[in-house]
Amino acid sequence: MAGTLYFHFLHLQAFLPNQTFQFTQIANLRSRLALLQEPYKFFLPVSFAPSIMCLKKHWACSFVEAHQPVTEQSTEDKSNDVSGDSIRRRFLEFYASRGHKVLPSSSLVPDDPTVLLTIAGMLQFKPIFLGKVPRQVPCATTAQRCIRTNDVENVGRTARHHTFFEMLGNFSFGDYFKKEAIRWAWELSTVEYGLPADRLWVSVYEDDDEAFAIWHDEVGVPVEHIKRMGEDDNFWTSGVTGPCGPCSELYYDFLPERGHADADLGDDARFIEFYNLVFMQYNKKDDGSLEPLKQKNIDTGLGLERMARILQKVPNNYETDLIYPIIEKASELANVSYQHTDNRSKMHLKIIGDHLRAIVYLISDGVVPSNIGRGYVVRRLIRRAVRTGRLLGIKGDGRGNTDGAFLPSIAEKVIELSTDVDVDVKDRAPRILEELKREELRFVQTLERGEKLLDQMLADALLSAEQNKTVPCLSGKDAFLLYDTFGFPVEITTEVAEEQGVSIDMSSFDIEMENQRRQSQAAHNVVKLEVGDSGDLAEDVPDTEFLGYETLSARAVVESLLLNGKSVIQVSEGSDVEILLNKTPFYAESGGQIGDNGFLYATKGENQQTAIVEIKDVQKSLGNIFVHKGTIKEGVLEVGKEVEAAVDARLRQRAKVHHTATHLLQAALKKVIGQETSQAGSLVAFDRLRFDFNFHRPLLDSELVEIEELINRWIGDSTLLQTKVMPLDDAKRAGAIAMFGEKYGEEVRVVEVPGVSMELCGGTHVSNTSEIRGFKIISEQGIASGVRRIEAVAGEAFIEYVNARDYHLRHLCSTLKVKAEDVTSRVENLLEELRTTRNELSSLREKAALFKASIVANKAFPVGTLKEIRVLVEFMDDTDADSLKSAAEYLVDTLQDPAAVVLGSCPGEGKVSLVAAFTPAVVDLGIQAGKFIGPIAKLCGGGGGGRPNFAQAGGKKPENLSTALEKARSELIAVLSKKAS
């Protein structure tokens, strides 16, 4: 290294003998000169050498002028615009000028079953890295929106952790590799962004001598600024098996004055990693051995927030222009100044700033709060933001309305900043804000229930401490229950508990938190890549040519046969088989539409059939290969044979009808309940259609009627559909609706019902709306928070549905002896008669129970010496639960205070009812009905609880009731004798 740089030092001095240079400046200059010459060295004629030398000299002179005197500021001011938007734009332009295709960020909802959310920039290119789909471009660059929640507890506490972040990346798919990736990363950092070379450090994998040599010998990084690191830090793997390789990272040094001795790149106070280069060059096999990949790839990631922190010279990522405006908005609502508040409040403001970005972009990409999957992620983030706002003292909407919500106000700032991140966010703003408001107000109610539970837990802790002569302490398990189930922050739990003299077992709380963190991390933060038989298959079998838009039958050649997942040459009668054809009229399941059914006929000579295959399903695999799944009904099918592929025309027509009806349904929903509603999923089947959409309430009957009338009117208009293929951008500009989370190529198919609907869709459709014949909604229901589902029928399925309903109605009319128009009133009368009869029966049961209670009241016996307490424990035969409750209330009133009553009954086969009623004087002794009845009910195979003075329980083992009542009697005598003597 020293010799190489010394050579360049002498070379520069030969040009400029009167100048003096620092060693690190020469390193920086050397890399720039090399980068200039490198792209041309293979094709410039020798005669161009003097020109290059002159250009080098000119650059050297410019370099000297820029470094007189040498200051950090002069190196960094490559551009005055260091905004987050500028950093993103300059990154993309830098790589676009080097032959990279600029591609849009994919959705936060990935088209990948192995991950919950998009957690890395490389995720959309995973099929290319695996070799499952061919590359469309040799190299690409993106600014990818990402979500990671495995380190959510560190958000706001460290300078760099986030749930939402942008990863700027450049990717090579078998094009360039290590040398170019390293040199461009250095040029981007030192030339484009103007970072001083002496502040940059590099890590390489401990065995990657090639990367080390490029950094040192070609780029000119000093040896003391390159760290070799182990497998845990600098060797990237996608999983137990699959693509992997060494990686190299660029770090920025905030404290260069500390020197290089004992420098630790893991020291967050001094260093920040901002650029990671993954050299995907191996495939890790099952035995752990590494084999070179046929196609070496590059996967990089530069953290936008981290680079913004460096260039904007702020102490943490949160104070960059990407997040700080959101923090300022939260500060305004909390009535605090971020710059002048304490560190604890700053942390809370950072949490809100971070979480609101994640929440807004998740909801924009179609994720709605729920208790499962992605919906649970966004719900937890919303709740954490609400809790944090309460810690900051934000009440209601922060503007005086105590019943309002404050998150929408902050979200408006996120939406305002979203223009260069995702242009669709502003269009979806009404739905985002409404979803946030609804979820926040719902959670506030949950939070209030948590406060009530905390009060009960603290009362129990104080009582237990008094009885056991110990220090009051709330268990970590209880604190975690409040946190996890009710979203109650442990900080509030601690503050409230301390006010009442109760401590928190934080060690056990931390254990519960760690268990949850490990589970979350294991489940959500790994991108799985595997190279196996499917990868080989992709190379051997070309994409399937789809003919199904134009025809329902075609001649095709059998390219491959799979039996139990294994490739075979032939398959005989009775076997279930997967068949790959070179072309097919069969539609493969996608876009919600199920695959076609039909037959394959293999022939020999003049119409002599050798095999018949029934196709029951068709799926897409490995990109665009159609897998026909079926059963050999006759003969033997062989690879290479020609077949006649015939789609079941009747079933295809039913699918076409339902698919077009789905488009009409979405158009009708937007017209009736609002344009902000959007598709959240669909199913287009032969017998029905299913459409999921984002909406916050059930649809009114009148709205459902209006939707049906609209659709049936459009059907009756007999409108010809128009289908065309066009560039994606042109389709969007024309107003075509795209499905959230769906991946589209540069060319898309647009299906339009003129004047009604225009959608991006690859499915099959009718030619004219009149083919749909009729449309009927079967059901409308909620399937998750903020997500509704409509099921409907159309076409032939509509006729079948109407005929079936007519049959049942005629049968009902016959049974009730009424006309069809009188069925409703007749049923209502019968229901009213039934309610009256049930009420009369219930009244009689209650009277019978009270009569039994009056008889057994004299069986009460006294317990205690200082205070005589009347106790009654009795079996009440088959008295139902409501009547048992009335009997217990009657008895405590009759026996008067102090009294304790426990009753049990068997109201039906396999059923037990229990009730405990204690008067105030008994409760004052520390005996609570809710806690007393639970263990008793367990003896009968059940459980229950309630208030301190009254509780009910149930069970499934009537044979144990007498034992349970005896236990209740003995325990009451024991505890009351002790308390009242």
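On a predicted model such as this, the values are computed, not experimentally measured, just so you know.

A closer look at the packing of helix α15 (residues 429-468) against helix α16 (residues 476-485)
- Where α15 contacts α16, the axes come no closer than 10 Å and their chain directions differ by 170°. Considering their axes alone, α15 and α16 lie roughly antiparallel with respect to each other. Counting all contacts with α15, which are made through Gly450, Leu453, Leu454 and Met457, the residues of α16 involved are Asp478, Leu481 and Leu482.
- The residue inventory of the contact of α15 with α16, partitioned by class, reads five nonpolar, one polar and one charged.

Details of the UniProt feature "binding site: Zn(2+)" (unreviewed entry) in the chain
- Within this numbering scheme, the UniProt entry marks His659, His663, Cys761 and His765 as carrying the feature "binding site: Zn(2+)" (unreviewed entry). Look at the named residues: they lie 107 residues apart in sequence, but the longest C-alpha span between them is just 9.8 Å, so in the fold they bunch up.
- By the element assignment, His659 lies in helix α20 (residues 649-673).
- When its relative accessible area of 3% is taken as the criterion, His659 is described as buried.
- Excluding residues within four positions of it along the chain, His659 makes contact with Gly591, Gln593, Val684, Cys761, Gly763, Thr764 and His765.
- As for its position among the elements, His663 is in helix α20.
- Residues contacting His663, with those up to four places away along its chain left out, are Val751, Ser757, Glu759, Cys761 and His765.

Let's talk about a negative patch on the surface
- Together, Glu206, Asp207, Glu231, Asp232 and Asp233 line one region of the surface with negative charge.
- With respect to the helices and strands, the residue Glu231 is situated in helix α9 (residues 231-234).
- Accessibility expressed as a relative area gives 43% for Glu231, which makes it partly exposed.

A word on the packing of helix α14 (residues 407-416) against α15
- Where α14 meets α15, the axes come as close as 9 Å, and the angle between the chain directions of the two elements is 150°. Here α14 is positioned roughly antiparallel relative to α15, judged by the angle of their axes. For the pair α14 and α15, the sense of crossing is right-handed. Contacts between α14 and α15 involve Leu407, Pro408, Ala411, Glu412 and Ile415 from the former and Ala429, Leu433, Leu436, Lys437 and Glu440 from the latter.
- The class makeup of the residues in the contact of α14 with α15 is seven nonpolar, no polar and three charged.

Concerning unusual backbone geometry
- Of the consecutive residues Asp897 and Pro898, the connecting peptide bond is found in the cis state with omega at 0°.
- Tracing the chain through its elements places Pro898 in the loop between α25 (881-895) and β31 (899-905).
- Positive phi, normally seen in glycine, also occurs at Lys313, with a value near 55°.
- Note on placement: Lys313 falls in the loop between α10 (304-312) and α11 (324-334).
- Judged by its relative accessible area of 45%, Lys313 falls in the partly exposed class.
- Residues other than glycine seldom take positive phi values, yet Asn335 does so here, at roughly 60°.

Structural notes on the confidence of the model for the chain
- Taken residue by residue, the chain gives an average pLDDT of 84. The fraction at 70 or more is 87%.
- At the low end of the mean pLDDT range in the chain sits helix α3 (residues 49-66), at 34; at the high end sits helix α21 (residues 701-716), at 97.
- Note that pLDDT drops below 50 for residues 1-78; the model gives that stretch 87 contacts with residues more than four away or on any other chain.
- In this model, residues 521-539 is a region of pLDDT below 50 whose contacts with residues beyond four sequence positions or in other chains number 47 contacts.

Examining the packing of aromatic side chains
- A complete count under the given rule lists 24 aromatic pairs for this structure.
- Between Phe164 and Tyr361, the ring centres sit 4.6 Å apart and the planes meet at 5°, which makes this aromatic pair stacked. Here Tyr361 lies in helix α12 (residues 343-364) and Phe164 lies in strand β3 (residues 164-173), a separation of 197 residues in the sequence.
- For Phe164, a relative accessible area of 1% translates into the label buried.
- Through a chain of ring-to-ring contacts, the aromatic side chains of Phe91, Phe94, Tyr95, Tyr176, Trp184 and Tyr275 assemble into a single cluster.
- The ring centre of Tyr549 lies 3.7 Å from the NZ or CZ of Arg749, which sits over that ring.

Observations regarding the sheet that holds strand β27 (residues 775-784)
- Overall, antiparallel pairing links the four strands, which are arranged β22-β23-β28-β27 in an open sheet. This sheet does not close on itself; its edge strands, each paired only once, are β22 (679-684) and β27. Averaged over all pairs of adjacent strands, the angle between their axes in this sheet comes to 15°, without regard to strand direction.
- Sheet analysis places strand β23 (residues 689-694) next to strand β28 (residues 787-794), joined by six bridges and oriented antiparallel. Within the sheet, the bridge partner assigned to Asp692 lies in β28 and is Arg789.
- Contacts between helix α23 (residues 795-816) and the sheet are confined to β27 and β28, with β28 contributing the most and set at about 85° to the helix.

Conventions and cut-offs
Residues numbered from 1 in each chain as written. Predicted model: local features only at pLDDT ≥ 70, side-chain atom pairs only at ≥ 80, totals over all residues. Heavy atoms only, no water. Axes fitted to C-alpha atoms, helices over the stretch in contact; angles between N-to-C directions. Helix = DSSP H or I, 4+ residues; strand = E, 2+ residues; numbered from the N terminus. Parallel < 35°, antiparallel > 145°, perpendicular 65-115°, else oblique. Contact = heavy atoms within 4.5 Å. Nonpolar A, V, L, I, M, F, W, Y, C, P; charged D, E, K, R; others polar. UniProt positions renumbered as here; feature names shortened; annotations may be inferred. Buried < 20%, exposed > 50% of the residue type's maximum accessible area, 1.4 Å probe, protein only. Patch = residues over 30% accessible without salt bridge, like charges linked within 9 Å, V, L, I, M, F, W, Y side chains within 5 Å. Areas by Shrake-Rupley, 256 points an atom, 1.4 Å probe, with all protein chains shown as cover. Salt bridge = Lys/Arg side-chain N within 4 Å of Asp/Glu carboxyl O. Lys, Arg positive; Asp, Glu negative; His and termini not counted. Charge placed at Lys NZ, Arg CZ, Asp CG, Glu CD. Left-handed = near helix turned anticlockwise from the far one by under 90°. pLDDT = per-residue confidence, 0-100. Phe/Tyr/Trp six-rings, centres within 6.5 Å; stacked < 30°, edge-to-face > 60°. Lys NZ or Arg CZ within 6 Å of the ring centre and 35° of its normal. Pairing = 2+ DSSP bridges.

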